[in-house]
Amino acid sequence: MAEDLHRAGADPVGEGAPKRPWHRRLSLTTWIFIALALGVLCGLALQGAPELADAYVKPFGTIFLNLIKMIVVPLVLFSIMAGVVSLDDVRQVGAIGGKTILFYLATTACAVTLGLVFANVMSVGAGYVMDAGELAYETPAAPSLVDTLVNIFPSNFVQPMADATMLQVIVIAVVFGFGILAAGSKAAPVVAVVEGLNEVCIKIMRGILLVAPIGVFGLITPVIANNGPDVLLPLLWLVVVAYVAMACQIAVVYSGLIKLVARKSPLAFLRGEAPVMGFAFASASSVGSLPLNIECAEKMGVSKPVASFVLPLGATINMDGTAIYQGVCAMFIAQVFGIELSLGQQMTIVLTSVLASIGTAGVPGSGMIMLAMVLQSVGLPVEGVALVAGVDRILDMMRTVVNVTGDAAVAQCVDAMDRRGAARRAARKAA
Ligand code: ASP
């Protein structure tokens, strides 16, 4: 599949070699982008009748997302378990896990700070005339900070998998992975089962990804048809500020990490990550983009154990785009309501946004629910969520692109550091 994804599209060479039909000469990546462009065009064409897009095109996207949701729980469970087991040294798991979490926290803190800086400098709320009628919106209840932390630990083995509560699934996978390591040779058959099931999940996931272009088309068309210029225009400046901050996170923070820590070309990284970005944009789901992200990371040279540990964790806890969105929206709401936020309050926003983005599920729209928690932390009116709800999907698509790119950048860095560490250890042993 990795070859399929990035196949250069060359024809078999040599005398008499059969020419591949034109549609098989394009790579899956190209197909995903063709589907994205076609979906945007169809969505624009159907703006007068979005119900047609909902009735006839959306089901294809829904079926595709359902298939992904079906495979993502066993995939995360077995890939993390297999990742922990394959490291076969508890200390190494700890070292990789520690580095990963530090990178995730640092990049998310950078992200929300960038969001606040751009929102301040570009006066995100300027010129917005509030219409009280727009606030007739029921704000979803956000969980408290303590609840968010306590909820990481499941009290039941099966429930988290049925509900796809990914953070709890990860805890189960890590705990069982450690259990298998601790049991040593007695658990050898379990290791074989875990590794076997992991392979099975990967094969299924690759099959599902083959129909990704149809899924992307089915997902993007109704979004464009339903979110025409009418919704977008009044809040255009908010969207512009958020997009600029998010683009900056990719161009400066991730590219810097790739250059300085992973010591690779940022452009090559972005090129390799492009299919995942396109997919994340269309689906607005980090968890949905996870299979493709693993695929592309491995294709770009990240080792299997690192990719299968760092990326599922990132799809669950590392949401830099969401953190930027929360910073920009908090500032926007403060400015629209004429509330001055002190530096201390803005620091509180940084802290709560980091935690809120950890608690955000990697599915469409969940960042908006967690926004309420950020607003509450500094006493901003929670009704403000209603103001941004109209353009949420447009913001969601881009924040998901940043979310998945952040995971991939950290995977590259952790992998590079791990390889350098191994080389140093080997050199020391040889000396
Ligand atoms: N849709 C985002 C994601 O899946 C989460 C969010 O709503 O911010 O990464």
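Residues numbered from 1 in each chain as written. Predicted model: local features only at pLDDT ≥ 70, side-chain atom pairs only at ≥ 80, totals over all residues. Heavy atoms only, no water.

K.L.:
Before we go on, may I ask you to explain the overall build of the chain in this structure?
P.N.:
A count of helical and extended segments in the chain gives 20 helices and zero strands. By sequence separation, contacts in the chain at least 24 residues apart represent 83% of the contacts at least 6 residues apart. A total of about 18600 Å² of accessible surface is found on the chain, and carbon and sulfur atoms cover 68% of it. (Helix = DSSP H or I, 4+ residues; strand = E, 2+ residues; numbered from the N terminus. Contact = heavy atoms within 4.5 Å. Areas by Shrake-Rupley, 256 points an atom, 1.4 Å probe, with all protein chains shown as cover.)

K.L.:
Would you mind showing me how to read the site of the ligand here?
P.N.:
Around the ligand there are 17 residues in total, and S286, T322, G367, D396 and R399 lie nearest to it. Within the contact set of the ligand, an oxygen atom lies 2.6 Å away from a side-chain nitrogen or oxygen of R399. Protein contacts shield 100% of the accessible area of the ligand, which totals 270 Å² for the unbound molecule. Of all the elements in the fold, those that place two or more residues in the shell around the ligand are α18 (366-377) and α20 (392-430). With four residues, the top contributor of residues to the shell around the ligand is α20. (Near = heavy atom within 4 Å. Polar contact = N/O pair within 3.5 Å; in protein donor to acceptor, adjacent residues only side chain to side chain.)

K.L.:
Teacher, can you tell me more about the nonpolar core here?
P.N.:
Grouped together as the largest cluster of nonpolar side chains are 130 residues, with contacts concentrated most on V124, L238, V310, Y325, F332, I349 and L371. Residues in contact with L238, not counting those within four places in the same chain, are V124, V328, C329, F332, V388, V391 and L395. (Core = buried A, V, L, I, M, F, W, Y, C linked by side-chain atoms within 4.5 Å. Buried < 20%, exposed > 50% of the residue type's maximum accessible area, 1.4 Å probe, protein only.)

K.L.:
What exactly am I supposed to notice about the packing of helix α13 (residues 266-283) against α20 here?
P.N.:
The relative placement of two packed helices is expressed as an angle between their axes plus a distance between the axes. Where α13 contacts α20, the two axes come as close as 8 Å, and the packing angle between them is 145°. Read as a crossing pair, α13 and α20 show a hand that is right-handed. Where α13 approaches α20, its residues F269, E273, V276, M277, A280, F281, A282 and S283 are matched on the opposing element by R393, M397, M398, T400, V401, V404, T405, A408, A409 and Q412. Its residues assigned to classes, the contact of α13 with α20 comprises twelve nonpolar, four polar and two charged. (Axes fitted to C-alpha atoms, helices over the stretch in contact; angles between N-to-C directions. Left-handed = near helix turned anticlockwise from the far one by under 90°. Nonpolar A, V, L, I, M, F, W, Y, C, P; charged D, E, K, R; others polar.)

K.L.:
Even after reading the chapter, I still don't get the packing of aromatic side chains, so can you show me in this structure?
P.N.:
Applying the stated criterion to the full structure yields two aromatic pairs. Relative to F279, the ring of F64 lies with its centre 5.7 Å away and its plane at 80°, an arrangement referred to as edge-to-face. Note that F64 is positioned in helix α4 (residues 50-87) and F279 in helix α13, a separation of 215 residues in sequence. For the residue pair F64 and F279, the accessibility class agrees, reading buried in each case. Ring centres 5.3 Å apart and planes at 50° place the aromatic pair F157 and F176 in the tilted group. Pair noted here: F157 is in the loop between α6 (145-150) and α7 (159-163) and F176 is in helix α8 (residues 166-183), with a separation of 19 residues, a long-range link. Among the residues examined, F176 registers a relative accessible area of 41% and is labelled partly exposed. (Phe/Tyr/Trp six-rings, centres within 6.5 Å; stacked < 30°, edge-to-face > 60°.)

K.L.:
So what exactly am I meant to see when it comes to the environment of V287 here?
P.N.:
Relative to the assigned elements, V287 resides in helix α14 (residues 286-299). Using a relative accessible area of 10% as the deciding quantity, one classes V287 as buried. The spatial distance from the C-alpha of V287 to the C-alpha of V404 is 8.9 Å, given a sequence separation of 117 residues.

K.L.:
Just to check I follow, could you spell out the side chain of Q346 for this structure?
P.N.:
Relative to the elements of secondary structure, Q346 occurs in helix α17 (residues 343-359). Of the residues examined, Q346 reaches a relative accessible area of 12% and is grouped as buried. Each residue touching Q346, except ones within four places of it in the same chain, is listed here: L116, N120, M331 and L341.

K.L.:
Is there a simple way to think about helix α16 (residues 320-336) in this case?
P.N.:
Each α-helix winds once per 3.6 residues, and so residues spaced three or four apart point in a common direction. Over its 17 residues, α16 runs 24 Å from end to end, which matches the ideal 24 Å to within 8%, given 1.5 Å per residue. Taking burial as the measure, the 17 residues of α16 include 16 buried ones, the bulk of the element. Following α16 by one or two positions, G338 has its phi on the positive side, about 65°. (Expected span 1.5 Å × (residues − 1).)

K.L.:
Can you help me understand a positive patch on the surface in this one?
P.N.:
Side chains of R263, R424, R425, R428 and K429 sit close together on the surface and give a patch of like positive charge. With respect to the secondary-structure elements, K429 resides in helix α20. (Patch = residues over 30% accessible without salt bridge, like charges linked within 9 Å, V, L, I, M, F, W, Y side chains within 5 Å. Salt bridge = Lys/Arg side-chain N within 4 Å of Asp/Glu carboxyl O. Lys, Arg positive; Asp, Glu negative; His and termini not counted. Charge placed at Lys NZ, Arg CZ, Asp CG, Glu CD.)

K.L.:
It is not clear to me how the pattern of salt bridges should be interpreted in this structure. Could you clarify?
P.N.:
Two side chains of opposite charge can pair, provided their charged atoms sit close to one another. Inspection of the entire model under this criterion finds four salt bridges. Measuring nitrogen to oxygen at the nearest pair gives 3.9 Å for the salt bridge that ties K304 to E199. In this pair, K304 sits in helix α15 (residues 304-317) while E199 sits in helix α9 (residues 188-210), placing the two residues 105 residues apart along the sequence. Overlapping salt bridges bring together D392, D396 and R399 as one network.

K.L.:
Quick question: what am I supposed to make of α18 here?
P.N.:
When you tally the buried positions in α18, you get nine out of twelve residues, the bulk of the element. Where α18 is concerned, the buried positions are S366, G367, M368, M370, L371, A372, M373, V374 and L375. Count one or two residues on from α18 and you reach G379, which has phi positive near 70°.

K.L.:
Which parts of the structure should I look at to understand the packing of helix α12 (residues 236-260) against α16?
P.N.:
For the pair α12 and α16, the least separation of the axes is 10 Å and the interaxial angle reads 140°. Taken as axis vectors, α12 and α16 run oblique relative to one another. Crossing of α12 over α16 shows right-handed handedness. The segment α12 lies against α16, with L238, V241, A242, A245, M246, Q249 and Y254 engaging D320, G321, I324, Y325, V328, C329 and F332. Of the residues assigned to the contact of α12 with α16, the class counts are eleven nonpolar, two polar and one charged. (Parallel < 35°, antiparallel > 145°, perpendicular 65-115°, else oblique.)

K.L.:
Whenever I open this one, the confidence of the model for the chain confuses me. Can you help?
P.N.:
Interpretation of this model should avoid reading the predicted coordinates in detail wherever pLDDT is low. Per-residue pLDDT for the chain has a mean of 84; in total, 87% of the residues score no lower than 70. Mean pLDDT in the chain bottoms out at helix α1 (residues 2-6), which sits at 41, and peaks at α12, which reaches 95. Across residues 1-15, where pLDDT falls below 50, the model places 34 contacts with residues more than four positions away in sequence or in other chains. A low-confidence stretch, residues 132-140 stays under pLDDT 50, and its non-local contacts, those more than four residues away or across chains, total 17 contacts. (pLDDT = per-residue confidence, 0-100.)

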